[in-house]
Every structure is written in structure tokens, then in C-alpha cells.
Amino acid sequence: MKLEAKIPSGPLEDKWTHQRFSLKLVSPANKRKLDVIVVGTGLAGAAAAASLAELGYNVSCFFFHDSPRRAHSVAAQGGINAAKNYRNDGDSVHRLFHDTIKGGDYRSREANVYRLAELSVNIIDQCVAQGVPFAREYGGLLENRSFGGTQVSRTFYARGQTGQQLLLGAYGALNRQIHVGQVRSFPFHEMLELVTVDGKARGIVTRNLRTGEIRSFAAHAVVLATGGYANVYYLSTNAKGSNATAIWRAHKQGALFANPCFTQIHPTCIPVSGGYQSKLTLMSEGLRNDGRVWVPSGKQDRRAAHEIPEAERHYFLESKYPAFGNLVPRDLAARTVKDICDAGYGVGPSGMAVYLDFADAMARLGRGTIQERYGNIFQMYAETTGEDSYATPMRIYPAPHYSMGGLWVDYNLMTTIPGLYALGECNFSDHGANRLGASALMQGLADGYFILPATIGDYLATEGFAKVDARHPAFTQAEQQVKDRVAQLLGMNGRCTVDELHRALGKILWDDVGMVRSAAGLQRALSEIRALRAEFWRNVKVAGGEDSLNASLEKAGRVADFLELGELMVMDAFQRDESCGSHFRVEHQTAEHEAQRNDQHFAYVSAWEYGGAEGPPQLHKEALEFTYVSPSERNYK
Ligand SMILES: Cc1cc2nc3c(=O)[nH]c(=O)nc-3n(C[C@H](O)[C@H](O)[C@H](O)COP(=O)(O)OP(=O)(O)OC[C@H]3O[C@@H](n4cnc5c(N)ncnc54)[C@H](O)[C@@H]3O)c2cc1C
């Protein structure tokens, strides 16, 4: 298989403009004859569904939640980046492009990232027009804060609820189209299979989570916007429902999976507090604008934070990375926190935490300002830990958070299956080996509002407008596969709960495919995951029946897919015998314990082809070319 990224030629600044002009258009009269399925109504999916409907396509959107507003995008706290340069602090499209390529440790496509930076300014205009209540300065201009890996302030925010407010904007646009009948909305529908006819995406099979009905839907194109897979680690900052099923089924139908091992461990989360915990809580990176990270200078110091005098505090990020301080990129901050705790300087009952302290900021700005900026996050912290972080520092530790890997897509966001698109966190497109904070919302909205609406017409205009029919045998066959799998899961009647098996998978991945990886650890993880997968299919217990709401059945299907994805993550991490961004192989580090890339051999996107039930997956490589930035060792000092 030859990977064609379809990156337009010409200067970087003109690529997207040229591409938009050279793509074919569909006339308004013909758009009415075309059906598009959108799976997922987070920021990427809701923006895409609303925009396609606004253009005149017939859209059906599917989501497993009860309302589009429950998509996990609602949880995003800190903000969204855009190169508006309202602060006049030296920002520009080119600087955002440069920061993102560098932040991703030179493992993303220049053309995609430049386009993302260009579109960032349109996104803010679009959202303001929708009424998103971004924070404003006294003079009326939109306010900005800083996020990791940058020296400018370009992050737009709405208190600590940016995702919720952006999603309300997209939801409003989507609802308008539902109301006028241009979008048909299918809540509680989980996509369990992709249907291809003659190698092209032609529809999906869903299970109605309330009634158990298995049903096919046909369309001229299918768009997946189903979010990230950090839940593969069991404990993560993601909602419990976030999963990889839709993209994994697409992968098994022929869509290549890119960079599966690039997973982001976020440095500032509430630490694990016990063996029965099922979820971790993020404390936004935005907090590091004002919060200072420190530990006691002496090992095993068990005094309370307020008993430790200033002279005995070690502000380790500020001293290690003086140029960026507490706002270094996430991969560096997370690894440094881990190192400090492993060395015995950690705080709290487990010793696996560091302090995030707002005392200086409150003395400088007053409690009111801190409350205005982060009030809801402080409240979340208090509800989870019982501690008041206005009075005592927060305790934080890294946790799985985001997947940079996902379905491989070309410049038009099409996967390797013609007619199948992937948007938002479920594709691999823009963040390389490490995503910068506040760039996921930017990417999801760029994909949904601006890129897909421009590119999908090219495919549809080329394909013609013949009706597609869900009575085609390919649909009957796919439905049968789904029914067989449901029956198999319900019929196992083993002794292990789905959660037990998922927790075991998470531990393997966290230990050996987490913040630090090694060849020996990865080999161990591979054999452990294979054994666990066999155990799952021998011994899982799924309670309940098939024709009513059954959370155990839903979870079982998702964990079965995680077990396969986990194996691919390990294989990907094993073949990438270098360190880059979030992927830190102990064998490859500089004298200062930083990731040591190997551009000569690994400047590529790894794109995996499914090898069938028995066969090994096949690795394809998309070479990354750097014309406008020259890859160098990242330096945030
Ligand atoms: C706690 C937290 C805070 C964050 N804060 C920020 C931030 O401040 N700034 C930033 O840029 N990023 C942030 N992120 C990351 C960002 O929120 C996500 O990457 C982004 O919102 C993902 O959007 P999405 O549209 O791709 O997917 P999601 O919002 O996850 O939506 C997925 C959709 O797919 C549907 N779905 C999934 N699988 C199926 C299936 N099989 N069948 C049917 N439907 C399905 C779901 O119902 C849902 O509608 C944060 C992430 C977390 C976890």
C-alpha cells in the first residue's frame, strides 16, 4: 500500500488556499442528493455535522450519549489557542506553527500544522459569532493566557469551562440543523461496525444502547469524530465512556492506524489515591500560568507544606527550564515530576505527588482574581480531595490524558479507506509526538468547521450521486458479525469482571508503555497483553441481556478493542527505537535526561495495516519532510 498524503505543492503559506481552489465542488442541487454519516458530536463532530448540513448535505449524526452536549469535549478546561496576537507579544501564524512543530518534537507534517495555525484565527471569529463567552479584558478585547511550550499568550478561555462553552456554540449550530430537518440525530447509538462496498466506506452498523436493536445506515461518505483512546490505560482523565471502538473497527476494515504509541501523560492531575479508583481528574495546564510547582529540597520530608520554609523548597521546573519555567511542554513536565518523585522528593501520603502552589499569585493578584480565573477547578479539587487549595497547595501527579495517535488521514482528512474521514482526537494529524496544551480544541474545530466541509465535496463530486442502499449484502454480513459478537460476549459466563481485566491492561500499559519505555519492558508488555486477551475471551463475565440498557456489555466490547489496540501500541513503541516527545525510550536519552531523537532513521509517521486475526500488523512509513523548520534538539532552557 502506498501512502499518499496529498500535500499540495507550492509555498507553505499558499498550500491551503491552492488546495481549496483545486478541490472539486458539488453544486447546491446535487448536495441535496448526498447523504453523510457523522459519528460523534464532540467539538469535531458537532462542528462538522452542523457545517455539512449548512452546506446542504443530508447528515445523520450518531453518538452513544443521550445528548450531543455530553460529548467529552465538554470537559475541556483551560482554553483554545489562536494566533490572533491580541497581546502584541510577538505572536503570529508562523510562530504558532513553529511552536506546534517543535512541541510535537518534529514528528508532524509541516503542511497540516501550518494550516491549523492559519485557521486558528477563523475559529475564534466563528465562536465569537456564535456567542461563546470568552473571557474579556477591561477594554473589551478577548483575554489570553499562556499554555505550555510557548512564550506568548495566545490561549482564549472561558473560565475553566472552555470546552463546555465551545460545545454549546457547536451544539447550537447543530441543533438549528436538527430543527430544520437537515440533520437526523441518533442518540444512544453506538457504532459497532464500518461497512465498505467495493473498498469504499458506505455506512455503519449501530447498536441502540437502550433497546439493543442492531441496525444499518447507508451513506455516500462516513465521518468519524469519536474522540481519544487514553482510557486504554484504565485510569485516565478521559470520561469513562471514551473509547476506541469506532476507529478500531475502521482499522480492521482497512484504515491504517498511525503512531498508536504517541499517548500524552498530562503532568497536572489529582494523584491516584487507592486501588479502587476508576477515574483521574485533570487540573488544567492553565493553572501553571499562576501556580508554581515545587517539592521540599530534602528527601522524604513529611512536614505539611506550610511548615516548609521558602529556603527549603525546590522549584524544580523553574530551575531546570528557566526560559519556560512551569510552562514547559507536558511531556517534559510529566517526566520531570516522575523523576523527582522516583528520587524520593515527592509529597503526600504516597510520595507520588508534587505541589502546585498559588500563594505567590494570590499575594500578587488577590484571591478574587485567582477565583475568577480558576474558581471551578479549585472547587473540583476541593470536592475530590477535601482540601482548600486557596489555603494549601494542590498535590498533582501525571496521568494519561490524550492520544496523539489515531487513524491515519491525508491532507484532506480522508483515511486509507476512500470515503471514510477522521476528525478531531481520533485522527493522528497535527500534534506529532506531543500535543501542546489548548491545541486539541483548535484542531477539532479546524477539522470540523473548516477543513472537512471544504475537502469532502471533492470526493463526493468524483464519486457520483447514485443512491447507496443498506440492503446490500455487505450490510447484512456486518450486522451478523455484530450480533455474533454480542452473543459471544453474553455467552462467556466467566469469572472475571470487565473492569478487572481492563484494570490489568491499564497497569501493564502504565508500567511499560507509560512515561518511560524500554525494549525489555515492551517485550514483557506484549506477552502479558496477549495472555490477558486470551484470558478475556476465556473468562470474562458480562452480566445482563442484549435488548436493554447494559453497561457491562458496552464496556466489554470496548475493552475487547482496547486489548487489541494495546498490543499495537506496544509494537509501535518497540519499533520506534528512538525517543521523541511523549515516547521516551530509556535507551535513547541525552546526558541531561532529555529525549534523544534519531531523525536519520525515524523521521516518519508509522502507519499500521491490520494483519487479520492471526497475522502480524504491517508497518508502513510516511516520511516527514522539513523544509521550513530544521529539526534540532528541543531546548526550553
Ligand atoms: C479533562 C480534559 C480537559 C481538557 N482540556 C482541554 C483544553 O483546555 N484545551 C484543549 O485544547 N484540549 C483539552 N482537552 C482535550 C480535548 O478536550 C479533546 O481532545 C477534544 O475535546 C476531543 O474532541 P472530539 O470532538 O475529537 O471528541 P469527543 O469530544 O470525545 O467526542 C466523541 C464523540 O464520539 C461519540 N462516540 C465515540 N465512540 C462512538 C461510537 N462507537 N459510536 C457512536 N458514537 C461514538 C461520543 O458519543 C461523542 O459524541 C481536554 C481533555 C480532557 C480529558
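See the structure shown above.
Residues numbered from 1 in each chain as written. Predicted model: local features only at pLDDT ≥ 70, side-chain atom pairs only at ≥ 80, totals over all residues. Heavy atoms only, no water.

Account for the pairing of strand β7 (residues 200-208), naming residues and giving values.
Here β7 lies mainly inside the structure; 8 of its 9 residues are buried. By the bridge criterion, 5 bridges tie β7 to strand β8 (residues 214-218) in an arrangement that is antiparallel. Residue R207 lies in a different strand from β8, and its bridge partner there is I214. Taking the residues that link successive antiparallel strands as the turn, the β7-β8 hairpin has 5 residues, and the phi of G212 there is positive, at about 80°. (Buried < 20%, exposed > 50% of the residue type's maximum accessible area, 1.4 Å probe, protein only. Helix = DSSP H or I, 4+ residues; strand = E, 2+ residues; numbered from the N terminus. Pairing = 2+ DSSP bridges.)

Explain the site of the ligand residue by residue, including any values.
If you check the shell around the ligand, you find 38 residues, and the closest are H65, S73, G78, M191 and E425. S73 is positioned with one of its side-chain polar atoms (N or O) 2.5 Å from an oxygen atom of the ligand. Interatomic distance of 3.5 Å between a backbone N/O atom of A225 and an oxygen atom of the ligand. The protein chains hide 96% of the 1000 Å² of surface that the ligand would expose on its own. Those elements that place two or more of their residues in the shell around the ligand are α3 (43-55), β6 (189-197), β15 (394-403) and α12 (440-463). When residues in the shell around the ligand are grouped by element, the largest group, 3 residues, is from β6. (Near = heavy atom within 4 Å. Polar contact = N/O pair within 3.5 Å; in protein donor to acceptor, adjacent residues only side chain to side chain. Areas by Shrake-Rupley, 256 points an atom, 1.4 Å probe, with all protein chains shown as cover.)

Lay out the sheet that holds strand β10 (residues 257-258) with the relevant residues and their values.
Strand order in the open sheet made by the 4 strands is β16-β10-β20-β21, with antiparallel pairing throughout. Each edge of the open sheet carries a strand with a single partner, namely β16 (406-407) and β21 (618-623). Here 2 bridges tie β10 to strand β20 (residues 604-609), and the two strands are oriented antiparallel to one another. When the bridges of β20 are listed, A258 appears paired with A607.

Please give an account of the packing of aromatic side chains that cites residues and values.
Within the structure shown, the criterion is met by 21 aromatic pairs. Ring plane angle 80° and centroid distance 6.2 Å describe the contact between Y106 and F626, whose orientation is recorded as edge-to-face. One end of the pair, Y106, is in the loop between α4 (93-103) and α5 (110-130); the other, F626, is in the segment after β21, and 520 residues separate them in sequence. Residue Y106 is classed as buried on the basis of its relative accessible area of 4%. With centroids separated by 6.4 Å and ring planes inclined at 75°, the aromatic side chains of Y421 and Y459 adopt a geometry described as edge-to-face. Linking Y421 in strand β17 (residues 420-422) with Y459 in helix α12, this pair joins segments that are 38 residues apart in sequence. Positioned above the aromatic ring of Y390 is the side chain of R367, whose terminal nitrogen or guanidinium carbon lies 3.9 Å from the ring centre. Its guanidinium or amino end placed over the ring of Y604, R576 lies 4.9 Å from that ring's centre, counting from NZ or CZ. (Phe/Tyr/Trp six-rings, centres within 6.5 Å; stacked < 30°, edge-to-face > 60°. Lys NZ or Arg CZ within 6 Å of the ring centre and 35° of its normal.)

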